[in-house]
Each structure stands twice: as C-alpha cells, then as structure tokens.
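Here's the letter readout for the chains.
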Amino acid sequence: MVLFATVFATVLVTYFAWHITKNSVENSAEQDFLNIVNDSNDAITQRMLDYTIALDSGVGLLRSSDVPVTRTGWKKFTDSLKLRTQFAGIQGLGYAVIVPPDEKLDFERKIRAEGFPDFAIKPPGDRDPYSAIVYLEPFDFRNQRAFGFDMYSEPIRREAMQSAARTGLATVSGPVTLVQETDEDIQRGFLMY
C-alpha cells in the first residue's frame, strides 16, 4: 500500500510539475512571439515613415523650384538622399506626369529629344488620361524598365494615385508586381504616391 501511495504521489507531483512547466514554456513562447510581432510592426511602421520622408522631400523639391526640375536635377536630388543606404527597400524614387491624349505625341517627342529615341508611353493603347514615369532614380537596368510606364493603365496603381492627388497625403497602393521585375524571382511590391 505504501508503495502504491508513493507511486501515486510521484505521478501526481510529476504531472503538476509537467503542467506548470508546460504552461510556463507556452506563456514564454507566446510572449516571445508577441515581442517579435511588435518589433516587426515597429520596424515596418518606421520604414513606411522613412519612405514618406523620401516622398515628401521630392514633393518639396518640385514645389519649391521656380523652374521645372530637370532630369539632372532629379538625379542630384535623389543622390543626396542616399536612397540605397538611407532608405533600404526603395526600388526607386520617381516623378510621373499626367498626359492628356491630345498631348501624348508631343510629349513623347519631347522625351525622345532628351536622348531617349525609343521612348513611348507604355503599355500601348488609347486611354484618357495617360500617366508617364519621366524621372526614376537610380536609373539602373531595373528602373529603366519602368521609364515611360503609364501607372494609370492599371487599376490598383490608378486608385492609389487618385487617392494621393485627392487627399494630398502619402498613399500606398495595394500589392502589385513592379514593372522593374524580370522573369526570375518575381516579387510582389507596392507603390507609395
């Protein structure tokens, strides 16, 4: 009988020790997970604020200039921001314009005269209005793929552009596949207007 009571007591103590340890480990793991989630949310929020600063800086440049900002001026401006080191994750900082259909051909001729003989608003097709990315830095291989792209031609981009124009606030698009993507390792992205 004593042996039975001793075994029962040992099993009971073991069960309670296991239960307390299990709960402690689960609570600790849950707290660790919540800390990671909070840290991630804070990092994403800070990154989005950084992107807004870069975007607002561009708006400030465009609004404060007494003459139209040139392609060279845009490059100097974005170089001063140190996009690759200070704003990690930004594929490019660009400037796009709205082009009415009756001005499309003249607009394309003007950009071609700047040294881009193959420039055209893309994708082809009739729309009203068009938009066109005219400055995009860094002007590397990937970003050159977006040069001339009509963001109004795609509903998700158009909605975000219209919201930003209407509210005057930085607006993030829904998920899109960036025009800069190549045929390998295609990633989803977003745009901030």
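Everything that follows concerns the structure shown earlier in this document.
The rules behind each value
Residues numbered from 1 in each chain as written. Predicted model: local features only at pLDDT ≥ 70, side-chain atom pairs only at ≥ 80, totals over all residues. Heavy atoms only, no water. 1 Å grid on protein atoms, 1.4 Å probe; cavity = no way out; pocket = protein on both sides within 12 Å on 5 of 7 lines; lining within 4 Å. Points joined across faces, edges and corners; volume = space filled by probe spheres on them. Helix = DSSP H or I, 4+ residues; strand = E, 2+ residues; numbered from the N terminus. Nonpolar A, V, L, I, M, F, W, Y, C, P; charged D, E, K, R; others polar. Buried < 20%, exposed > 50% of the residue type's maximum accessible area, 1.4 Å probe, protein only. Arc of directions from axis to C-beta. Contact = heavy atoms within 4.5 Å. Patch = residues over 30% accessible without salt bridge, like charges linked within 9 Å, V, L, I, M, F, W, Y side chains within 5 Å. Areas by Shrake-Rupley, 256 points an atom, 1.4 Å probe, with all protein chains shown as cover. Salt bridge = Lys/Arg side-chain N within 4 Å of Asp/Glu carboxyl O. Core = buried A, V, L, I, M, F, W, Y, C linked by side-chain atoms within 4.5 Å.

Draft legend 1. Summary view of the layout of surface pockets. As a volume, the largest pocket reaches approximately 1,400 Å³. Looking at the largest pocket, it is lined by 47 residues, and the ones nearest its centre are L55, G94, L191, M192 and Y193. Secondary structure elements with two or more residues in the lining of the largest pocket: α1 (2-64), β1 (93-99), β2 (130-137), α6 (155-167) and β4 (188-189). Considering each element in turn, the lining of the largest pocket owes the most residues, eleven residues, to α1. The residue inventory of the lining of the largest pocket, partitioned by class, reads 31 nonpolar, nine polar and seven charged. Here the second largest pocket is characterised by a volume of approximately 190 Å³. Looking at the lining of the second largest pocket, the elements with two or more residues in it are β1, α4 (104-113) and β2. Tallying contributions element by element places α4 first for the lining of the second largest pocket, with three residues. When grouped by side-chain class, the residues that make up the lining of the second largest pocket number ten nonpolar, one polar and two charged.

Draft legend 2. The arrangement of α4 in detail. Burial in α4 covers these residues: K104, F107, E108 and I111. All buried residues of α4 lie within an arc of 95 degrees about the axis, which places them on one face of the element. Counted as exposed and oriented over 90 degrees from the buried face of α4: L105, K110 and A113. Among the structural elements, α2 (71-81), β1 and β2 are those in contact with the buried residues of α4. Of the residues flanking the end of α4, it is G115, one or two places downstream, whose phi is positive at about 110 degrees.

Draft legend 3. Just a nonpolar patch on the surface, in detail. On the surface, F33, L34 and V37 cluster together into a nonpolar patch covering about 260 Å² of accessible area. Tracing the sequence through the fold places L34 in helix α1. L34 sits in the partly exposed class, given a relative accessible area of 37%.

Draft legend 4. Up close: the nonpolar core. Formed by 24 residues in total, the largest nonpolar core has its most connected members in F107, I111, F119 and I121. For this core, the elements supplying multiple residues, two or more each, are α1, α2, β1, α4 and β2. For I121, the residues in contact, after removing those within four places along its chain, are V99, K104, F107, E108, R127, Y130, S131, A132, G148 and D150. In this structure, L136, A164, V176 and L178 belong to the second largest nonpolar core, which totals 13 residues.

Draft legend 5. A look at the pattern of salt bridges. Here the structure, examined in full by the defined rule, presents ten salt bridges. Across the pair R142 and E181 runs a salt bridge, and its minimum N-O distance is 3.9 Å. Taken together, the positions of R142 in helix α5 (residues 141-144) and E181 in the loop between β3 (176-177) and β4 put the pair 39 residues apart, joining distant regions of the chain. Accessibility expressed as a relative area gives 12% for E181, which makes it buried. For E154, the salt bridge goes to R157, with nearest N and O atoms at 3.5 Å. Just as E154 is buried, R157 falls in that class too. Residues joined in a network through salt bridges with shared partners are R71, K110 and E114.

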